[in-house]
Amino acid sequence: MRADPLRYLTDDLDSLKAQGLYRHLRVLDGEQRARASFDRRAVVNLSSNNYLGLTTHPKLREAALEATRTLGVGSGSVRTIAGTMDVHMRLERRLAEFKQTPAAVVFQSGFTANAGAVSSILGKDDFIVSDELNHASIIDGARLSRATIKVFPHRDVKAARAIVQDLPRDRRRLIITDGVFSMDGDLGALPELCDLADEFGCIMMVDDAHASGVFGRNGRGTVDHFGLHGRVDIQVGTLSKAVGVLGGYVAGSAALIEFLYHRARPFLFSTSHPPAVAAACLAAIDVLDSEPALIERLWDNTHFFKSGLQALGFNTGVSESPITPVIVGEASRAMALSDALFEQGVFAQGIGFPTVARDKARVRTIVTATHTRDELQLALDAFAKAGRSVGVI
Ligand SMILES: Cc1ncc(COP(=O)(O)O)c(C=O)c1O
């Protein structure tokens, strides 16, 4: 019999099991909502990025259905051949207007927006100065670019400055940070990094995946929140989280967007969104503009839940956003807390290495605008019980 050349994968999985890092995929039985059913169990759902509840918003649903009825289910090609539909162009114009930039380009995901942009605008003679906790898609884009990557400790602008001042001025230098860090919920040091970029003539880029729809006027993101319009050259956002659908985008100058049309590999070599996706995203931007009460409710719920966790004695780290981690330390304990919560009717995913540092495993929570106070109180009561049962509080 042929020996299995992939045997080492099973060995690796066994090692994950031994470290308590192996996870079964929880299966969502119905719609992605604040109260949902996973693995046939009704739970308060604290694990989605569906900040505003738009995954099931009637206006988005209707827009997707109408686009499917009139335009079909697929685009049939990559954007640069035959896969650019009018609805794609309308979405890009709408996003540019929303972000207050001259232009925008949509990618298949936030991941490909980051990876495609970073890898195409820089080359092997260039430099990338990157916060150590930046998202994996930034790291992959940086590696693909073949530029030299210089990592500064999280939010440490002094360290970033020490790096930047030693870089050759005749090379392209990109400073890049997440707007909101996805595992800790804190904000990037945007204003200070913009000052640094201005002083040394660097390109400034922010990944606002978790800030779009959450921070800034009507959810315009951290650039708007900090009043930095015109000072961030490249803004990435996602359409998969608060916007509730799927996709990512880059907003910036007309030249940047035209360049990405010609050089960003996911744009060139992967099929564009089905029309239903683009149409639902367009409807979502309209909802952001017309229903600001959703974002107010998100923040009310965030303050209620975060202060509740803190009052119970949990370590919620440095979060400034609806992402509230409950930091536990060891991965096996984080997974035990997550499992105990699930037993109590609350889904909050445990997260360990390599997504976070080995000694900083956690249960990550995200409240949404659509959680009721009763649901959040039920979740706090479950945290109190589960936290005591696994010895976290
Ligand atoms: C900070 C950050 N950037 C980018 C992404 C990728 O976005 P998407 O899920 O749309 O690919 C994520 C999602 O996990 C993220 O957390």
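Heads up: the structure comes first, above all this text.
Here is what the cut-offs are and how they apply
- Residues numbered from 1 in each chain as written.
- Predicted model: local features only at pLDDT ≥ 70, side-chain atom pairs only at ≥ 80, totals over all residues.
- Heavy atoms only, no water.
- Near = heavy atom within 4 Å.
- Polar contact = N/O pair within 3.5 Å; in protein donor to acceptor, adjacent residues only side chain to side chain.
- Areas by Shrake-Rupley, 256 points an atom, 1.4 Å probe, with all protein chains shown as cover.
- Helix = DSSP H or I, 4+ residues; strand = E, 2+ residues; numbered from the N terminus.
- Nonpolar A, V, L, I, M, F, W, Y, C, P; charged D, E, K, R; others polar.
- Core = buried A, V, L, I, M, F, W, Y, C linked by side-chain atoms within 4.5 Å.
- Buried < 20%, exposed > 50% of the residue type's maximum accessible area, 1.4 Å probe, protein only.
- Contact = heavy atoms within 4.5 Å.
- Axes fitted to C-alpha atoms, helices over the stretch in contact; angles between N-to-C directions.
- Left-handed = near helix turned anticlockwise from the far one by under 90°.
- Pairing = 2+ DSSP bridges.
- Phe/Tyr/Trp six-rings, centres within 6.5 Å; stacked < 30°, edge-to-face > 60°.
- Lys NZ or Arg CZ within 6 Å of the ring centre and 35° of its normal.

### So, the site of the ligand
Around the ligand, a shell composed of 15 residues is seen, among which Gly110, Asp207, Thr238, Ser240 and Lys241 lie nearest. The contact in question runs from an oxygen atom of the ligand to an N or O atom on the side chain of Lys241, over 3.0 Å. Relative to its unbound accessible area of 390 Å², the ligand is 83% covered by the protein chains. Here the element with the most residues in the shell around the ligand is helix 4 (residues 110–121); it accounts for three residues. Here the shell around the ligand is built from residues that sort into two nonpolar, 10 polar and three charged.

### Here we look at the nonpolar core
Residues Tyr51, Leu52, Leu91, Leu95 and Leu239 are the most contacted members of the largest nonpolar core, which totals 44 residues. Sort the elements by how many residues they give to this core and helix 11 (residues 275–290) lands first, with 12 residues. Once you skip the residues sitting within four places of it in the chain, Tyr51 turns out to touch His210, Val214, Lys241, Ala242, Leu298, Pro322, Ile323, Ile366, Val367, Thr368 and Ala369.

### Details of the packing of helix 2 (residues 58–71) against helix 11
Following both chains from N to C, one finds helix 2 and helix 11 inclined at 150°, their axes separated by 8 Å at the closest point. Viewed along their axes, helix 2 and helix 11 form a crossing whose handedness is right-handed. Residues Lys59, Leu60, Ala63, Ala64, Ala67, Thr68 and Leu71 of helix 2 lie in contact with helix 11, whose contacting residues are Pro275, Ala276, Ala279, Ala280, Ala283, Ala284 and Val287. When grouped by side-chain class, the residues that make up the contact of helix 2 with helix 11 number 12 nonpolar, one polar and one charged.

### Describing the sheet that holds strand 4 (residues 127–131)
Read from one edge of the open sheet, seven strands run 3-9-8-7-6-4-5, paired in mixed fashion. Looking at which strands have only one partner, the edges of the open sheet turn out to be strand 3 (103–107) and strand 5 (148–152). Ignoring strand direction, the axes of neighbouring strands in this sheet form an average angle of 20°. Relative to strand 5, strand 4 runs parallel, the two being bridged by five bridges. Pairing of Asp131 across the sheet is with Phe152, part of strand 5. Most of the contacts of helix 6 (residues 157–165) go to strand 5, to which it runs at about 150°, and overall it touches strand 4, strand 5 and strand 6 (173–178).

### What about the environment of Glu291?
Among the secondary structure elements, Glu291 is positioned in the loop between helix 11 and helix 12 (293–311). Among the residues examined, Glu291 registers a relative accessible area of 24% and is labelled partly exposed. C-alpha of Glu291 to C-alpha of Thr365: the two residues are 74 residues apart in sequence and 24 Å apart in space. Residues within four places of Glu291 in sequence aside, it is in contact with His57 and Lys59.

### Focus: the sheet that holds strand 1 (residues 35–38)
An order of 1-2-11 is seen for the three strands of this open sheet, with the pairing classed as mixed. Here the strands that pair on one side only, and so sit at the sheet edges, are strand 1 and strand 11 (346–347). In terms of strand pairing, strand 1 meets strand 2 (residues 41–45) through four bridges, oriented antiparallel. Pairing of Ser37 across the sheet is with Ala42, part of strand 2.

### Let's talk about the pairing of strand 4
Burial runs high along strand 4: five of the five residues are buried. What you see with strand 4 is no split at all: Phe127, Val129 and Asp131 on one side and Ile128 and Ser130 on the other are buried throughout. Sheet analysis places strand 4 next to strand 6, joined by four bridges and oriented parallel. Its bridge partner being in strand 6, Ile128 is matched across the sheet by Leu174.

### Points about the packing of aromatic side chains
Considering all chains together, one arrives at seven aromatic pairs under this definition. Residues Tyr261 and Phe267 carry aromatic rings whose centres are separated by 4.9 Å and whose planes lie at 15° to one another, so their mutual orientation is stacked. Of the residues examined, Phe267 reaches a relative accessible area of 4% and is grouped as buried. Summarising the aromatic geometry, the rings of Phe314 and Phe383 are spaced 5.5 Å apart at their centres and angled 80° between planes, so their arrangement reads as edge-to-face. Of this pair, Phe314 sits in the loop between helix 12 and strand 10 (323–329) while Phe383 is found in helix 14 (residues 373–389), placing the two residues 69 residues apart along the sequence. In terms of burial, Phe314 and Phe383 fall into one category: buried. An aromatic cluster is present here, built from Phe38, Phe342 and Phe347 joined pairwise through their rings. The positively charged end of Lys17 is found above the aromatic ring belonging to Tyr22, 4.7 Å away from the centroid. Between the NZ or CZ atom of Arg26 and the centre of the ring of Phe342, over which it lies, the distance is 3.6 Å.

### What to know about unusual backbone geometry
Here the amide bond leading from Phe353 into Pro354 is cis, since omega sits at 10°, within 30 degrees of zero. Assignment of secondary structure puts Pro354 in the loop between strand 12 (350–351) and strand 13 (361–366). Phi at Asn218 is positive, roughly 50°, even though this residue is not glycine. What makes Asn218 partly exposed here is its relative accessible area of 23%.

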